[in-house]
Each structure stands twice: as structure tokens, then as C-alpha cells.
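Letter by letter, the chains look like this.
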Amino acid sequence: MKQTILIVDDKANIRKVLRALLEQQGFSVSEATDGIEALAMLQKNTFDTIVTDLRMPNLDGLGLLEAVLKKYPAIPVIIITAHETVESAVSALKMGAFDYISKPFEKEEMLQVIKKALLTRESKLKGPVDLEIDTNLVSQSEKMQAVIEIIRKVSDSPSTILIAGESGTGKELVARAIHQHSSRAKDPFIAINCTAIPDTLIESELFGYEKGAFTGAVTSK
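Residues numbered from 1 in each chain as written. Predicted model: local features only at pLDDT ≥ 70, side-chain atom pairs only at ≥ 80, totals over all residues. Heavy atoms only, no water.

Student: Got a sec to walk through the packing of aromatic side chains? Specific residues and values, please.
Tutor: Inspection of every chain in the model, using the stated rule, returns one aromatic pair. Relative to Phe214, the ring of Tyr209 lies with its centre 5.0 Å away and its plane at 65°, an arrangement referred to as edge-to-face. (Phe/Tyr/Trp six-rings, centres within 6.5 Å; stacked < 30°, edge-to-face > 60°.)

Student: Explain the environment of Gly96 residue by residue, including any values.
Tutor: On the secondary structure map, Gly96 appears in the loop between α4 (86–95) and β5 (99–102). Here the alpha-carbon distance between Gly96 and Val68, two residues 28 residues apart in the chain, equals 10.0 Å. Residue contacts for Gly96: discarding those within four places in its chain leaves Leu65, Leu69 and Lys153. (Helix = DSSP H or I, 4+ residues; strand = E, 2+ residues; numbered from the N terminus. Contact = heavy atoms within 4.5 Å.)

Student: Would you mind going over the environment of Ile163 in detail, with residue names and values included?
Tutor: Assignment of secondary structure puts Ile163 in the loop between α6 (142–154) and α7 (171–180). Ile163 sits in the partly exposed class, given a relative accessible area of 28%. In this structure the C-alpha to C-alpha distance between Ile163 and Ser30, which are 133 residues apart in sequence, comes to 36 Å. Setting aside chain neighbours within four positions, we find Ile163 in contact with Lys171, Val174, Ala175 and Ile178. (Buried < 20%, exposed > 50% of the residue type's maximum accessible area, 1.4 Å probe, protein only.)

Interpretation note: all reported values are geometric properties and have no functional meaning in isolation.
And the structure:
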């Protein structure tokens, strides 16, 4: 059975491009021009993922996201927009959007995010899965279970991930767990303590340098 995706955008050309891209991958695609039409379609049909524009007339992407989270919490919602701002991205992700992509989007990035969303949808339908993230992570508390759920969600995302927390809370363990459960697990995990590197040397340490670029650079690195 084909997996179903609902595209919500008031721009016909965007819907056309997305439909062609997704149908080439074997997905069943439906279209809606705004959030109100999308909600009406959700009452009659089942969708595995929703890809919605942020700014639309009548009911925008954030309004649609809020409604979907209340009525259909198992359906991942991907927000796309040409009006990329930090505020809108943070709002969408905090509300519970699966991911946030800006226009013009890369086809491979879009497909990767959608496929990850579909896997998340499948896992929700199957119920909780005992995922052993890392033997060094204590995962009995509700808060740690929430952290593990985030790790599961973002591990294969193409986005940059910032892990914040006080010293000793396990930020590097979380980073390693994300790496171990991503498609990049076969590649090396490199931890760098930036505070131990003088600011005048950080660039050359991270990106290397040519022989003779500065005093002491006796070889290329």
C-alpha cells in the first residue's frame, strides 16, 4: 500500500513540483490550498505525513500544525517556507513540527526529511519501541525518555543540532548517541574541546593550514 502525503500550499507551482517529486518516489499525493481545506481532507482521509507552507491565507501553517497536533498527533508535520526567520522556525519546532525546510529546497533534503517522517509515523503506530540509545545514558526518568525521543527523531536529520546543558549533564553522550543512530555512524565521531584552543588558532585547528602560512607551520595540515 502506498504511503500518503498531503501537500498544503497556496502556490500551485510549489504543489506541482512537490507532487511530481513525491510521485516519482512512489508516494500517493493529495493537495490542499490552505489549512482549512487540509483539515477538511483529514476528516475524510488518512495521511502519513503533511508538508505545509508556513504563510497561507485563511489558516496558516502554524495554525494547521496546532490543529493536527491536537486531533492527529501521530501525523508528522513538515513546515516549508520562503520566509525563513529564526522566530518562525523556533515556534514551529517548539510546537511540535517534525522539521523545518526553507524554499527553495533541495530535492534530496526534502526526500530525506519526508522519509524520516514516515519512519517516525510507523514507529508511533506500532507503539513504544525499546530503543537502547547508549548504555551510558540513564533513561528511566520521564525527562530522559523525552531526550531519547528527541535523539530518535533528529538522529538522521540533515540539520545542525545544538545540544545545551550544564557541565556534567551528558551533552557529549547525547551527541555520540545521535551519531551512533544516524546514517553517518560508520564515519568517525570527532569531539573537539573548543575552550582548550586559543581563539587565534581555532580556524587552523578545525580547517587546517598550508606550510608557511604562519610561524611554526612547517608542514601542511
